[in-house]
Amino acid sequence: MKTELGKMRSLAKEIPLQFAHCVKRANSVMHHHQEALESHSSNVTVLADQVAQLQQNLDDVTDKLGREKKRRQELHNLLMELRGNIRVHGRLRPLMEFDADNQDMASLGRPGTRSEVVVHFVDDENICVRTSKHNKVFEYERVYSPTEKQESVFDEVQPMLTSLLDGYNVCIMAYGQTGSGKTHTMLGSHRDEDYNPSHDPHPDEGVIPRATRELFRLIEEKPEGSHTIEVSIVEVYNNDIRDLLSRDPNAKHDLITGGDGQLSIPTVTSKSVDNVYSVMTLVQYGLRTRRESATMVHEHSSRSHLIVTLTVVSRAPSFFATKSMSSADLSSSGSGFGGADGRQTPTLGKKGRAQSQTWTPDQLQGMQLSLQQQQQQQQQQQQPVIRTKLQLVDLAGSECVGMSGVKGAALREASFINKSLSALADVLGALAEHRTHVPYRNSRLTHFLQDSIGGDAKLLVLLCVSPAQRYISESLQCLGFGQRARQVQRGPTKRRLPSSVEKISGPESSIKPRTGSASK
Ligand SMILES: Nc1ncnc2c1ncn2[C@@H]1O[C@H](COP(=O)(O)OP(=O)(O)OP(=O)(O)O)[C@@H](O)[C@H]1O
Ligand SMILES: [Mg+2]
């Protein structure tokens, strides 16, 4: 009992000691956690500062990006200005089976035959015609080799679309003899009818679908709803304008000059479109009615000039506006929220009565957005509407009537084609000589394209050339046409022309703009 009591006494002495020890340990752990907490909260403060700093940097960079975009567009326009308003590129197609004489594939391309290759790709600026009679080099801003893909052609076309959204009318046309690859260049030779906007373009897709895709991509970068697009598809056949989207394609149409000075044909069908698929569905519909027939050169010869017009209706506060800039502009232009951080409560409630209420940041953001949208809509409605045109033209082939083997109605078609191409050459000649009178009205084709080939509009002529000897006179005519068209772009810097011209040797080297017709 005594021993037990002794043990309990010593235990009773130890308990307060152990308790004190535990309290000390608990205190030290607590202290440790307190320190950790303090350090974490100071880290949180540091992180919050860093986030604020990053946000500030992001805002600065977004702002800078907006300014840079504007500057890039200004430089782009300056560059386009310096390059001139008319550009000429040459595209040499590969030798095709139909180039062979009498379907004799064994002789295709053989020297001495009519399918011998006489037009050669020299480099990306020069093309040459070499035969026993001719040895000529023609220089253009860009020359595409027979193996170059549709994508390469479009890469060069693409910058012109930026000009379109900067307020310039743009025209891209394929010119060349029959069978030289105009329809291939503008539309493509593929049978793939899937123009799903989210798919990559089919490798064979031509300029029309690619330009359409690009246009919608560029518009996506603009403030929502600020740009809309309408399309019309016509052909110029026997000097008549035919609406390929109309139920009655044979109806007659006349051009009128609108209040804004732009030419239009109010009776032609114009459809609102919002992606490449809707545009190409309409193009394919129109192509079913387009005049096409087999000639001695190839099976699907276009007998009319196809013109796809994409009209961009712009209500943007500025052509340079981008999504980021516009939202910044909107928040700074006063959306009913005061204070630098935009978090004050709105000063007016429903019916304009003053209200005092506390809002959560999410509510505030939602309201700010809807107010911004309303304001954006109001601003857009108040903006003057600007209409710019992108005209994409697949011309009918210039041809030597004898070579295409046409008679009767087909001969009449061919003569109308040649007359209108001749009128086109005359227009470019008049522009090159800075004549006061430019004969746009000599043909429906040039009259219809007047807005896109004169003034400060941008024109790109894609010369399509066949390589075979049998088309030599047509090829020379086409290359000569391109050379004359280049003079127009050289307007202010005319003196630089001879450098390209000196390369042309022989009696046919004159590049004086023709005063008469350009085609045979
Ligand atoms: N660069 C090319 N690569 C491959 N095939 C081509 C190329 N250019 C043209 N072709 C082919 O040559 C044939 C004739 O081309 P296309 O129909 O484009 O001629 P075109 O200039 O439009 O003739 P037309 O004036 O008679 O309408 C088509 O089968 C086309 O696929
Ligand atoms: Mg064609």
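Residues numbered from 1 in each chain as written. Chains lettered and ligands numbered in written order. Predicted model: local features only at pLDDT ≥ 70, side-chain atom pairs only at ≥ 80, totals over all residues. Heavy atoms only, no water.

Summarising burial for strand 14 (residues 305-314): 10 of the 10 residues are buried, a large majority. Alternating positions in strand 14 separate into two faces, His305, Ile307, Thr309, Thr311 and Val313 on one and Leu306, Val308, Leu310, Val312 and Ser314 on the other, with burial throughout. Of the strand pairs in this sheet, strand 7 (residues 227-237) and strand 14 are connected by 10 bridges, and their pairing is antiparallel. Directly across from Thr228, in strand 14, lies its bridge partner Val313. (Buried < 20%, exposed > 50% of the residue type's maximum accessible area, 1.4 Å probe, protein only. Helix = DSSP H or I, 4+ residues; strand = E, 2+ residues; numbered from the N terminus. Pairing = 2+ DSSP bridges.)

Right, let's get into the coordination of the magnesium ion (ligand 2). On the protein side, the magnesium ion (ligand 2) has Thr183 (OG1) and Ser302 (OG) as donor atoms, found 2.0 to 2.1 Å from it. Note that Thr183 is positioned in helix 3 (residues 182-186) and Ser302 in strand 13 (residues 301-302), a separation of 119 residues in sequence. Residue classification places Ser302 among the buried positions, given a relative accessible area of 9%. (Donors = N, O, S within 2.8 Å, 3.2 Å for Na, K, Ca; no water.)

Our next topic: the site of ligand 1. As a structural note, the neighbourhood of ligand 1 is formed by 18 residues, with Thr178, Lys182, Ser189, Ser301 and Ser302 the closest of them. In this structure, an oxygen atom belonging to ligand 1 sits 2.5 Å away from a side-chain N or O atom of Thr178. Between ligand 1 and Ser180, the relevant distance is 3.2 Å, taken from an oxygen atom to a main-chain nitrogen or oxygen of the residue. For ligand 1, whose unbound accessible area comes to 630 Å², protein coverage reaches 84%. Contributions of two or more residues to the shell around ligand 1 are made by helix 3 and strand 13. With three residues, the single largest contributor to the shell around ligand 1 is helix 3. (Near = heavy atom within 4 Å. Polar contact = N/O pair within 3.5 Å; in protein donor to acceptor, adjacent residues only side chain to side chain. Areas by Shrake-Rupley, 256 points an atom, 1.4 Å probe, with all protein chains shown as cover.)

Another point: the UniProt feature "coiled-coil region" (unreviewed entry) in the protein. Here the UniProt feature "coiled-coil region" (unreviewed entry) sits at residues 37-71. This span, residues 37-71, is 100% helix and 0% strand, and a straight line between its end C-alpha atoms measures 50 Å. (UniProt positions renumbered as here; feature names shortened; annotations may be inferred.)

The subject of this paragraph is the pairing of strand 15 (residues 386-394). Within strand 15, seven of the nine residues are buried, which leaves the element mostly enclosed by the surrounding structure. Summarising the sheet, strand 14 and strand 15 pair through nine bridges and their orientation is antiparallel. By the bridge assignment for strand 15, Leu310 is matched with Leu390.

UniProt marks Gly176, Gln177, Thr178, Gly179, Ser180, Gly181, Lys182 and Thr183 with the feature "binding site: ATP" (unreviewed entry), using the numbering shown here. Its relative accessible area of 2% is what places Gly176 among the buried residues. Among residues more than four places away in sequence, those in contact with Gly176 are Lys182, Ala396, Gly397, Ser398, Cys464 and Cys478. Mapping Thr178 onto the fold places it in the loop between strand 6 (170-176) and helix 3. (Contact = heavy atoms within 4.5 Å.)

Below, the discussion takes up unusual backbone geometry. The phi torsion at Asn238 lies on the positive side, around 50°, for a residue other than glycine. Since its relative accessible area comes to 15%, Asn238 is described here as buried. Phi at Asn239 is positive, roughly 65°, even though this residue is not glycine. As for its position among the elements, Asn239 is in the loop between strand 7 and strand 8 (240-243). A residue is classified by how much of its surface remains accessible, and Asn239, at 28% relative accessible area, is partly exposed.

Spanning 16 residues, helix 2 (residues 150-165) covers 23 Å between terminal C-alpha atoms, matching the ideal 22 Å at 1.5 Å per step. At Glu156, helix 2 is deflected by roughly 35°, the largest bend along its length, and proline Pro159 occurs up to four residues later in sequence. Taken as a whole, helix 2 has its buried residues at Gln150, Ser152, Val153, Phe154, Val157, Met160, Leu161, Thr162, Ser163, Leu164 and Leu165. A positive backbone phi angle near 105° is found at Gly167, which sits one or two residues after helix 2. (Expected span 1.5 Å × (residues − 1). Bend = angle between axes of the 7 residues up to and from the residue.)

Oppositely charged side chains can pair when the atoms bearing their charge come close. Across all of its chains, the model carries 15 salt bridges by this definition. Arg242 is the partner of Glu235 in a salt bridge, and the nearest nitrogen-oxygen pair spans 2.0 Å. On the basis of relative accessible area, Glu235 is assigned to the buried category, the value being 0%. One continuous salt-bridge network, built from bridges that share partners, spans Asp240, Lys252, Asp254 and Arg444. (Salt bridge = Lys/Arg side-chain N within 4 Å of Asp/Glu carboxyl O.)

Further remarks concern the environment of Arg87. Summarising the element assignment, Arg87 is placed in strand 1 (residues 86-92). Classification of Arg87 as buried rests on a relative accessible area of 3%. Taking C-alpha positions, Arg87 is 9.5 Å from Ile172, a pair spaced 85 residues apart along the chain.

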